[in-house]
Every structure is written in C-alpha cells, then in structure tokens.
Amino acid sequence: VAQRKGRYFPHHNMRMVAQAAMMIEGDIKQDNPFADYWFDRLIKEVDDLQQDIADKLEHLNAFLESKLPASFSYSNALSTNPVTFSVRSGSVIYYRFLFLVLAIDKYVTRVMQATHYGVITTPAKNSYLGEAVKLCRSAISMCASYRHYDVDRNDIAANNQRARDAFEHYKKLQIIPTKEHIEGTVRNQFAPEIHSSAQRSSGDRSQGYFEAETANSTLKCDTRLRSSEVFLEHLAGLPKSETFSWA
C-alpha cells in the first residue's frame, strides 16, 4: 500500500487489471485507436515477460541440477491443498496476465525450493524474488493505469475538439500511439473486432463499453511455500484460501 499526504492507495493488482482489461477491449470495439495501440503494447509486454520468466526458470533449474548430488532426486514443490481460483472473464488481456502471474508463482516456488536445499543464499533468494515482483508489478501497473476516453477514429480523422482532448488525456497516461495504430493499418492479431457504426451508435459510451463475461475456468496455484502465498496475496491481490470470481 502506498501512502500520499496521509492517504493510503492500494498497489495495482489483478482486480484492477480485470476492470482495465475489459475497458480497453470495450474501447477497441468502439474504434478507439488509443486502446487499440495499448492493447498491442500490453500483449507484447506480457509475452516478453513470459519469455523472460521462462528463461530465468530454465537457468535456475540448470543451476539447481549442477549443485545437487547425482544420487539426489527431488520432485517439484507441490501443495497438498492448492489454492483454487474460479475465473470468469471475456478479456484476452486478462487471461494473459493470469498466465503471467501463474508463471511467476512457479518461478517463486522454485526459488524457495532451491533456498530450502541450501543451494542459493538468502540474499540471492531475496534478489530473485524482488526482481520477479518488480517485473510483475510493472506489467500490472501498465494495464491498470488505463483510463477510458470517448473518442474514435472518425474523431481523429476530423481533428475535432474531442480528438484533441483525447490526445491530451492519453498523453498524460503515456499512451502515444503510432501513426499506423491511429489509422488502423497496424492492429494486434488478438485484438477484438471493431464494431460497425450502427453497433457503436447504440448505447451510452460515456463510461466505456462493457460486455458480459463469456468464459469460465478454474486455475490452481501451488502455495505450499509461504513466500509464494504472500506473493500471490500481496502482489496479485488474490485471496489465499477461497474460491474467487475475478471478473
């Protein structure tokens, strides 16, 4: 929790990502080029982090193998009572972030296992965990900081007051799309389809566009090791031992 002028502000977490992700994808359907650009950036950022975590885990596994006796066998650290989360969301971004959190949870668990075996030192453990938290928090904040603004590509083409205000609004959020994203010639292949003018003209756009959640699934997280459990609860904003609907 961050503190500012006597007030407390919670760190960005997955609950906030859930809201922002649906808003971004809803804005894309309303032909908002800023949301379209941010979706592209977020997907690439999460994919890069997934690969980074996979590389770190591979390196850690190789290091662990090199330090343990050949006659010593071990299994993955698994929980006899894993935490279960019920997930319901229609957002592509949201599921990408969920998978990233699970990948980091797996990495954190392996770090704790290596520490338990005396293969890595406590300072090294803290460094590994701190880096993982920093990577995840940066990506979560990038998504959760998004704010809706009622603008579409027709406004941009007309260069009207709404378009000019939108550029100022998103500039403050450091969302500055490329010319290709503005024109719609470059779009992420996973981005939602843009709705027709008739579809966009129906309904109130002032608060952003949302659709009912359409997907249901269950995720299980290994949290036998206390530090992994703390990671999930504190960083991702997840409850420790209850079924929870994310959306």
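Please refer to the structure higher up on the page.
All values derive from a computational prediction rather than experimental measurement.

A. Structural view of the overall build of the protein chain. Looking only at helices and strands, the protein chain has nine helices and four strands in total. When the helices and strands of the protein chain are placed in sequence order, the string is β-β-α-α-β-α-α-α-α-α-α-β-α. Buried positions account for 44% of the 247 residues belonging to the protein chain. Pairs at least 24 residues apart make up 82% of the contacts formed inside the protein chain by residues separated by at least 6 positions. By element, 50% of the accessible surface of the protein chain is carried by carbon and sulfur atoms, the whole surface being about 13,300 Å².

B. Structural context of helix α1 (residues 14-29). In a regular helix each residue adds 1.5 Å, so 16 residues correspond to 22 Å; α1 covers 22 Å between its end C-alpha atoms and thus fits that length. With respect to burial, α1 is a largely interior element, 13 of its 16 residues being buried. Once α1 ends, the next one or two residues include D31, with phi positive near 70°.

C. Seen up close, the nonpolar core. I24, I93 and F97 are the most contacted members of the largest nonpolar core, which totals 55 residues. Mapped onto this core, the elements with two or more residues apiece are α1, α2 (33-67), α3 (92-116), α4 (122-144) and α6 (161-172). When residues in this core are grouped by element, the largest group, 14 residues, is from α3. Once you skip the residues sitting within four places of it in the chain, I93 turns out to touch A21, I24, E25, F39, L42, I43 and C143.

D. Broad picture of unusual backbone geometry. Despite not being glycine, D31 has its phi angle at roughly 70°, a positive value. Mapped onto the elements, D31 comes out in the loop between α1 and α2. A positive phi is found at N159, a non-glycine position, where the angle reads about 50°. Tracing the backbone through its elements, the reader meets N159 in the loop between α5 (153-158) and α6.

E. Here's a closer look at the packing of aromatic side chains. According to the stated counting rule, one finds six aromatic pairs in the structure shown. When the ring of Y37 is compared with that of W38, the centres are 6.2 Å apart and the planes differ by 45°; the resulting orientation is tilted. Ring pairs connect the aromatic residues F34, Y146, F167 and Y170, which therefore count as one cluster. Its guanidinium or amino end placed over the ring of F190, R96 lies 4.7 Å from that ring's centre, counting from NZ or CZ.

Parameters and conventions
Residues numbered from 1 in each chain as written. Predicted model: local features only at pLDDT ≥ 70, side-chain atom pairs only at ≥ 80, totals over all residues. Heavy atoms only, no water. Helix = DSSP H or I, 4+ residues; strand = E, 2+ residues; numbered from the N terminus. Buried < 20%, exposed > 50% of the residue type's maximum accessible area, 1.4 Å probe, protein only. Contact = heavy atoms within 4.5 Å. Areas by Shrake-Rupley, 256 points an atom, 1.4 Å probe, with all protein chains shown as cover. Expected span 1.5 Å × (residues − 1). Core = buried A, V, L, I, M, F, W, Y, C linked by side-chain atoms within 4.5 Å. Phe/Tyr/Trp six-rings, centres within 6.5 Å; stacked < 30°, edge-to-face > 60°. Lys NZ or Arg CZ within 6 Å of the ring centre and 35° of its normal.

These figures capture arrangement, not role.
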